[in-house]
Amino acid sequence: MLSERMLTSIVKAMTKRELALKPTNETHMPPAHPGQKYMLYMHVPFCERLCPYCSFNRYPFREEVARPYFANMRKEMLMLKDLGYDFESIYVGGGTPTVMIDELCETLDLAREHFSIREVASETNPNHLTRPYLEKLHGRVQRLSVGVQSFDNDLLKQMDRYEKYGSGEEILERIAEAEPYFDSLNVDMIFNFPSQSEDVLLADLEKIALCGARQTTFSPLYVSAATTKKMATTLGAMDYDREYRYYQIIDGVLAGGETPLFDRTTLWTFTRAGQEHRATVEGDAVPEIDEYQVNYNEYPAIGSGSITHLDGCLYVNNFSIKDYNAAIESGRMSIMGKSVMSKRDLMRYRFLLDLYKLRLDKRAFCDEFGCDVAAGLPLEMAFMRLNGAFATDDEKELTLTPKGRYLTVVMYRQFLSGMNNLRDQARAALAGPERELLFGDGSPA
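Quick notes on the rules
- Residues numbered from 1 in each chain as written.
- Predicted model: local features only at pLDDT ≥ 70, side-chain atom pairs only at ≥ 80, totals over all residues.
- Heavy atoms only, no water.
- Helix = DSSP H or I, 4+ residues; strand = E, 2+ residues; numbered from the N terminus.
- Buried < 20%, exposed > 50% of the residue type's maximum accessible area, 1.4 Å probe, protein only.
- Contact = heavy atoms within 4.5 Å.
- Areas by Shrake-Rupley, 256 points an atom, 1.4 Å probe, with all protein chains shown as cover.
- Pairing = 2+ DSSP bridges.
- Axes fitted to C-alpha atoms, helices over the stretch in contact; angles between N-to-C directions.
- Parallel < 35°, antiparallel > 145°, perpendicular 65-115°, else oblique.
- Left-handed = near helix turned anticlockwise from the far one by under 90°.
- Salt bridge = Lys/Arg side-chain N within 4 Å of Asp/Glu carboxyl O.
- Core = buried A, V, L, I, M, F, W, Y, C linked by side-chain atoms within 4.5 Å.
- Arc of directions from axis to C-beta.

K.L.:
Mind showing me how you'd approach the overall build of the chain here?
P.N.:
A tally of helices and strands in the chain yields 16 helices and 21 strands. By the burial criterion, 58% of the 445 residues in the chain qualify as buried. Partitioning the intrachain contacts of the chain with sequence separation of at least 6 by distance along the chain shows that 74% fall at a separation of at least 24. As displayed, the chain offers around 17700 Å² of accessible surface, 51% of which is attributable to carbon and sulfur atoms.

Now the structure itself:
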C-alpha cells in the first residue's frame, strides 16, 4: 500500500528527529501536580530467555543481581512519594515482572501501604501461569497480560520460547487455569512475523476465540535499529506489504460481522463481547490499562531503562543496572537523559493516541492546545482526509474508517519503533558488557 509506505517513512523521519535523547543533570523527577491522577510504571528488566525482537532494557536473570535491584526500585518508588505523588494504578512491565515473585509481591504490598492503589496490572510469561505464582498474584494483581506472541510451535521455536515457556498446547491449558484468578486476563499476541502464514495466523485467532481470556492484544511486529539484524537472522526479513492484509484478517475475525466475538477497545486490543465493564474495584469501573500509555497523559516510571512522561518531557533512567543501583543508593534518581517535546510534538502525540483509542474529541483537543486539530496539525489532517481515513469528521470528533484504522496502526507501530530507537540511544551510552543487546540465553548479537 503506497500510503502505508509514505506514512512509515514520514513517521520514521519524524521520530528520529524529535525523539532525541539529551544529557541532563537532573537528579529527581519533577514534583507532582496537586490533584492530578497518576499511574506508576515499574520496569523489571530480567528475563529467563531474551527474545530476538525486543528492544526494552533486559538482562539475563540472575538472582544475586535481581534481588538488590528490587530493593532499590522500592526505594525509588518512595522517592516519588516524597515528591508528592499518589498513584491510583500500577503497571509492571519488563522483562518478566514475575521472575522473582516474592520480590514483586513485596514491592506491590509496599505500594499499597503508601499510595491509593485501586488496580495493578502486570505482564508475565506463560511458564509462570502455574498455581504457586497464580495464588500469590491473586488479589495483588487485577489485570494480567501474558506474552504468548503465537501458539504456533514452529514460531515459538524460532523465537527461542518453546523450550522455556512450553508448547502452544501447554500454554493454552495454562491460560484456562489462570483466567479465574484475575479480573481480566489479556493474551498478548504479535502478527506479521516473517515466517507467519495466513493459516498460522488463523489458527492463532481460533485459539484466542476458544481460550476464554477476556482480552487479547494483536500488535504488529516492530523493531529498532539494534534488533533488525538479529531478528532477520532468526526470524527472517520484515515484509510490510502483507501487514495490511493480516490486520484485516485479525480485525475481521475478532470484531467483524453482525455478532462479533470481541469488541474493539483500541486499534489492536479486543475485549470479549459483553465483558467491557467486567473489571471493577469496590463496585466502580476501573481503567483499561493493559496498554498503560494510552490511559494516562503523563506518568512517572521507575526502574533501570524505564521512560517517564511528565511535563512535556521524556525522562530516561540509566540502562546500567550497576549505575542505577548506585544512583538510588546515593539518594538520587537514575535519570541519564531526557527528550523535550515541543507543543507540536505533544499535539501529534495526542492525535495519535486518541485515534489509536478509536476516537479523537476535537473539543478536548482544542481545550488542551488552544487550537483546532486541523489548524494545529494541517499536514496530518490533510493526509488522513485525502486517504479516506475518517468515518466521522465533524465539529465534535474524529472516528476512523477501516482504512483509517490501519493507517493509524502504521503510525503507532512506527512511533513505538521510534521509542525503541530512543532506548538504543540510551544503551549506546553504556560501557563494557552492559552495552551489548543480548539475545537468547545471553549471547550478544
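K.L.:
What am I meant to see in unusual backbone geometry here?
P.N.:
In this chain, Gly94 is followed by Gly95 through a cis amide linkage whose omega measures 20°. Take Gly95: it is sitting in the loop between strand E4 (89–94) and helix H3 (101–114). The backbone of Asn192 sits at a positive phi, close to 75°, despite the residue not being glycine. With respect to the secondary-structure elements, Asn192 resides in the loop between strand E7 (184–191) and helix H8 (198–211). Positioned with a positive phi, Asp311 is a non-glycine residue whose angle comes to about 50°. Position of Asp311 among the secondary structure elements: in the loop between strand E14 (307–310) and strand E15 (313–317).

K.L.:
What exactly am I supposed to notice about the sheet that holds E14 here?
P.N.:
Remark on secondary structure: sheet strands pair via backbone hydrogen bonds, oriented parallel or antiparallel. Strand order across the open sheet formed by three strands is E14-E15-E16, with antiparallel pairing between neighbours. Both outer strands of the open sheet, E14 and strand E16 (335–340), are each paired with one neighbouring strand and no more. The average angle at which neighbouring strand axes cross in this sheet is 25°, direction not considered. Taken together, the five bridges between E15 and E16 define a ladder with antiparallel strand orientation. Residue Cys313 lies in a different strand from E16, and its bridge partner there is Val340. Here helix H16 (residues 402–428) sits on the sheet and contacts E14, E15 and E16; the angle it forms with E15, its principal contact strand, is near 45°.

K.L.:
What is the right way to read the packing of helix H2 (residues 63–82) against helix H11 (residues 321–329) from this model?
P.N.:
Between two packed helices, both the angle of their axes relative to each other and the distance between the axes serve to describe the pair. Running from N to C, H2 and H11 point in directions that differ by 45°, and their axes come no closer than 9 Å. Accordingly, the angle class assigned to the pair H2 and H11 is oblique. In terms of crossing hand, the pair formed by H2 and H11 is left-handed. Contact residues: H2 offers Val65, Pro68, Tyr69, Asn72, Met73, Lys75, Glu76 and Met79, while H11 offers Ile321, Tyr324, Asn325, Ile328 and Glu329.

K.L.:
Any chance you could explain the pattern of salt bridges here in plain terms?
P.N.:
One side chain can pair with another of opposite charge once the charged atoms of both are near each other. Applying the stated criterion to the full structure yields 21 salt bridges. Between Arg74 and Glu103 there is a salt bridge; the shortest N-O distance is 3.0 Å. Separated by 29 residues along the polypeptide, Arg74 in helix H2 and Glu103 in helix H3 bring together distant segments of the chain. Exposure class is identical for Arg74 and Glu103. Each is buried. Note that Glu106 and Arg74 form a salt bridge whose closest N and O atoms lie 3.6 Å from each other. Of the two residues, Glu106 sits in helix H3 while Arg74 sits in helix H2, which places them 32 residues apart along the sequence. Each of Glu63, Arg67, Arg74, Glu103 and Glu106 takes part in salt bridges that share partners, so that together they form one network.

K.L.:
Please clarify how the nonpolar core should be interpreted in this entry.
P.N.:
Buried together is how nonpolar side chains tend to be arranged in soluble globular proteins. Ile90, Ile175, Val187, Phe218, Phe351 and Met384 are the most contacted members of the largest nonpolar core, which totals 120 residues. When residues in this core are grouped by element, the largest group, 11 residues, is from H16. Other than its neighbours up to four places away in sequence, Val187 contacts Val146, Val148, Phe151, Ile175, Ile208, Cys211, Ala213, Gln215, Thr216 and Thr217.

K.L.:
What should I look at first to understand H11 in this one?
P.N.:
Each α-helix turn comprises 3.6 residues. Residues three or four places apart therefore point the same way. Among the residues making up H11, those that are buried are Ile321, Tyr324, Asn325, Ala327 and Ile328. Considered in projection along H11, the buried side chains sweep an arc of 165° and stay on one side of the axis. The exposed residues of H11 that point more than 90 degrees off its buried face are Lys322 and Glu329. For H11, the elements touching its buried residues are strand E2 (46–47), strand E3 (59–60), H2 and E15. Taken from the residues just after H11, Gly331 is the one with a positive phi, measuring 95°.

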